[in-house]
Amino acid sequence: QLMKVFVTRRIPQEGMKILKQAGICNLSVWDSDEPVPRAELLKSVSGAHGLVCLLSDRIDAEVLDAAGPNLKVISTMSVGFDHLSMDEIKKRGIRIGYTPDVLTDATAELTVALLLATARRLPEGVQEVKSGGWSTWKPLWLCGYGLSGSTVGVIGLGRIGLAIARRLMPFGVKRLLYTGRGTKPGAKEVEGEFVPLDTLVSESDFIVVSCALTPDTQGMCNKAFFSKMKNTGVFINTSRGAVVNQEDLHEALSSGQIAAAGLDVTTPEPLPTDHPLLTLNNCVVLPHIGSATYATRGIMAELTANNLLAGLTGAAMPTELKL
Ligand code: GLV
Ligand code: GLV
């Protein structure tokens, strides 16, 4: 008896191969690069034993009810899980797989790239070259901020936050501050100082947000937060858009309260092309590509598939989300 599995998107073939070769799944796939429409999701999930989803799929009571009592396992191809209604899932005894660790390096690299691009104004520079705005070498033109001798503040020194800190230290960072729910043993390696959020915000030249989105962190980067930052401060977020109050960020960037921001995540995603943040030269917005290397996405798909199969057969998952 094959078990019904719904996959909400086209995923890398490494993952599909594992699901097919297992020979225990009756697979149906929303065979597109675009998200499955909600109505389609509710229909396709009906009777499923397993669900493979992405961070762009909201998995709540409505979806779980539409799936019905067969559903044993949800395997998300993401490290973030704020799109999953945890209480509803647990209540129904459904297991959850996710993809920590395998995307840590790729996401840390992207964060460093975004930080440097934002601080050194790369998108503006590229634009000037293309538009003919580059008239000559000018002493005062396109100056930005460097990491050498700076203080960097990491909000959420978890797997990814620590990997970011490790990569930034060799640029000559003088102090590494971090904050979160408690001290982290890994902080020693980067000589990280655990400080209250307010201290981190007011003393950092660069602030990097790499915490999970939770009720505690939702809207944390707001008017009060930005008003404590240095006017020369650079703000980077590669976690989840909802950690930031975007109106307050827009105000801080356009008034000169802070120097620049680099965002790999926004609310909503995609950010509408007429969004006020996109009119600002000092705001660099990327389309949520933190884990987007070919290799990483392939490994994420494999892990997602292996988590799902373990959930279907009642085996130990490589990476089960247990909260
Ligand atoms: C990306 O944002 C992820 O959660 O994997
Ligand atoms: C920069 O190109 C310099 O020579 O100072």
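Labelled according to an unreviewed UniProt entry, the protein chain appears under the name Glyoxylate reductase/hydroxypyruvate reductase, originating from Clupea harengus. Listed in UniProt under the heading Sequence similarities (unreviewed entry), the comment for the protein chain reads: "Belongs to the D-isomer specific 2-hydroxyacid dehydrogenase family."

**Student:** I'm lost on the UniProt feature "domain: D-isomer specific 2-hydroxyacid dehydrogenase NAD-binding" (unreviewed entry) in the protein chain in this one. Help?
**Tutor:** UniProt's feature table lists "domain: D-isomer specific 2-hydroxyacid dehydrogenase NAD-binding" (unreviewed entry) at residues 112-290, given in the numbering used throughout. The span residues 112-290 is 28% helical and 16% strand by assignment, and the distance between its end C-alpha atoms comes to 10 Å.

**Student:** Sorry, what's going on with the packing of helix H5 (residues 104-119) against helix H7 (residues 159-168) here?
**Tutor:** Pairs of packed helices are described in terms of their axes, by the angle between the two and the distance that separates them. The geometry of H5 relative to H7 is characterised by a closest axis approach of 9 Å and an angle of 50° between their N-to-C directions. Overall, the two elements H5 and H7 adopt an arrangement that is oblique. Seen from above, H5 lies across H7 with right-handed handedness. For the pair H5 and H7, contact is made by Thr104, Asp105, Thr107, Ala108, Thr111 and Val112 and by Arg159, Ile160, Ala163, Ile164, Arg167 and Leu168, respectively. Tallied by class, residues from the contact of H5 with H7 come to six nonpolar, three polar and three charged.

**Student:** For this particular structure, what's the right way to read the sheet that holds strand E2 (residues 25-29)?
**Tutor:** A sheet is described by the order of its strands in space; here five strands give the open sequence E2-E1-E3-E4-E5, paired in parallel fashion. This sheet does not close on itself; its edge strands, each paired only once, are E2 and strand E5 (95-97). Put simply, the sheet's adjacent strands are angled 15° from each other on average, direction ignored. With respect to the sheet, helix H11 (residues 294-313) is in contact with strand E1 (3-7), strand E3 (50-53), strand E4 (73-76) and E5, its orientation differing from that of E4 by roughly 175°.

**Student:** Any chance you could explain the sheet that holds strand E7 (residues 175-179) here in plain terms?
**Tutor:** Strands belonging to one sheet form pairs held by backbone hydrogen bonds; the direction of such a pair is parallel or antiparallel. Strand order in the open sheet made by the seven strands is E8-E7-E6-E9-E10-E11-E12, with parallel pairing throughout. On the outer flanks of this sheet lie strand E8 (192-194) and strand E12 (283-285), each paired with one strand and no other. Neighbouring strand axes in the sheet, compared pairwise and without regard to direction, differ in orientation by 15° on average. Two strands pair when backbone bridges link them, and strand E11 (residues 260-263) and E12 are joined in this way by three bridges, in the parallel orientation. By the bridge assignment, Gly262 is partnered in E12 with Val284. Packed onto the sheet, H5 meets strand E9 (206-209), strand E10 (234-237), E11 and E12 and runs at close to 150° relative to E11. Where H7 meets the sheet, it contacts strand E6 (151-155), E7, E8 and E9, and its direction lies at approximately 165° from that of E6.

**Student:** Just to check I follow, could you spell out the nonpolar core for this structure?
**Tutor:** For soluble globular proteins, nonpolar side chains are generally found buried alongside one another. Ranked by internal contacts, the top residues of the largest apolar core, which has 91 residues, are Leu51, Val154, Ile164, Ile207, Val208 and Ile236. With residues near it in sequence (within four places) discarded, Ile236 still touches Thr111, Leu114, Leu115, Thr118, Phe206, Ile207, Val208, Val209 and Gly262.

Cut-offs used in this document
- Residues numbered from 1 in each chain as written.
- Chains lettered and ligands numbered in written order.
- Predicted model: local features only at pLDDT ≥ 70, side-chain atom pairs only at ≥ 80, totals over all residues.
- UniProt positions renumbered as here; feature names shortened; annotations may be inferred.
- Helix = DSSP H or I, 4+ residues; strand = E, 2+ residues; numbered from the N terminus.
- Axes fitted to C-alpha atoms, helices over the stretch in contact; angles between N-to-C directions.
- Parallel < 35°, antiparallel > 145°, perpendicular 65-115°, else oblique.
- Left-handed = near helix turned anticlockwise from the far one by under 90°.
- Contact = placed C-beta atoms within 7 Å.
- Nonpolar A, V, L, I, M, F, W, Y, C, P; charged D, E, K, R; others polar.
- Pairing = 2+ DSSP bridges.
- Core = buried A, V, L, I, M, F, W, Y, C linked by C-beta atoms within 7 Å.
- Buried ≥ 20, exposed ≤ 12 C-beta atoms within 10 Å, placed from the backbone.

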